[in-house]
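Commentary on secondary and tertiary structure
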Amino acid sequence: MIFDVNYDQEVDAAYFRIENKTVLDSEEIAEGIIIDYDEDNKIVGVELLGVKTINPENFALLIPLLPKSFKVQFQALVKYEEV
C-alpha cells in the first residue's frame, strides 16, 4: 500500500492515492467525494473536490469504506473523528 497526497490549491482539490493500480471505475459517494476503484473493485484513490467546503458529515460516508491502514492517516489529514 502506498500513501500519496496531492493538493491543488488553485482549484481546492486533493487526491489521495492508496494503491498504485489502474483506475477502472469511479463513484461520487457524496458531494465532492469521489472514490476510484481498480479491477477488483478495491479502492485505489479518493478525490476531494472543494476540500475547504465539503460537508464534514459526508466524511461519515467515506470513512467506513477506507482500508484500515489508510483510515487513520486520512482522518488525521482531514481532521475528522468518528463519533
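The shown structure was predicted, so the numbers you read here are calculated from the model rather than taken from an experiment.

Judged by pairing direction, the sheet is antiparallel, and its 5 strands sit side by side in the order 1-2-5-4-3 without closing on themselves. Of all the strands in the sheet, just strand 1 (4-8) and strand 3 (25-30) have a single pairing partner and so form its edges. Strand-to-strand twist in this sheet, taken as the mean axis angle between neighbours without regard to direction, amounts to 20 degrees. Bridge count between strand 2 (residues 13-17) and strand 5 (residues 43-49): 5 bridges; the pairing is antiparallel. Along strand 5, the bridge assignment pairs A14 with L48.

The subject of this paragraph is the pairing of strand 3. As judged from the 5 bridges shared by strand 3 and strand 4 (residues 33-37), these two strands associate in the antiparallel manner. Its bridge partner being in strand 4, D25 is matched across the sheet by Y37. Adjacent in sequence and paired antiparallel, strand 3 and strand 4 are bridged by 2 residues, among which G32 carries a positive phi angle near 85 degrees.

By secondary structure assignment, the location of D8 is in strand 1. Each C-alpha atom of the pair D8 and I29 lies 21 Å from the other, and the pair is 21 residues apart in sequence. At a separation of 3.0 Å, a polar atom in the side chain of D8 contacts the main-chain amide nitrogen of E10.

Glancing now at the environment of A30. Tracing the sequence through the fold places A30 in strand 3. You can call A30 buried: its relative accessible area is 10%. Each C-alpha atom of the pair A30 and I18 lies 19 Å from the other, and the pair is 12 residues apart in sequence. Excluding residues that lie within four positions of it along the chain, A30 makes contacts with N58 and L61.

Residues F3, V5 and L77 make up a contiguous nonpolar surface patch of roughly 230 Å² in combined accessible area. For F3, a relative accessible area of 34% puts it in the partly exposed group.

Buried within helix 2 (residues 68-78) are the following residues: F70, K71, F74, Q75 and V78. The arc enclosing the buried residues of helix 2, seen along the axis, measures out at 130 degrees, which places them on a common side. What points out from helix 2, more than 90 degrees from its buried face, is the exposed set V72 and A76. In the core, the buried residues of helix 2 are packed alongside strand 2, strand 5 and helix 1 (59-62).

Conventions used here
Residues numbered from 1 in each chain as written. Predicted model: local features only at pLDDT ≥ 70, side-chain atom pairs only at ≥ 80, totals over all residues. Heavy atoms only, no water. Pairing = 2+ DSSP bridges. Helix = DSSP H or I, 4+ residues; strand = E, 2+ residues; numbered from the N terminus. Axes fitted to C-alpha atoms, helices over the stretch in contact; angles between N-to-C directions. Polar contact = N/O pair within 3.5 Å; in protein donor to acceptor, adjacent residues only side chain to side chain. Buried < 20%, exposed > 50% of the residue type's maximum accessible area, 1.4 Å probe, protein only. Contact = heavy atoms within 4.5 Å. Patch = residues over 30% accessible without salt bridge, like charges linked within 9 Å, V, L, I, M, F, W, Y side chains within 5 Å. Areas by Shrake-Rupley, 256 points an atom, 1.4 Å probe, with all protein chains shown as cover. Salt bridge = Lys/Arg side-chain N within 4 Å of Asp/Glu carboxyl O. Arc of directions from axis to C-beta.

Shape descriptors only; they carry no functional weight alone.
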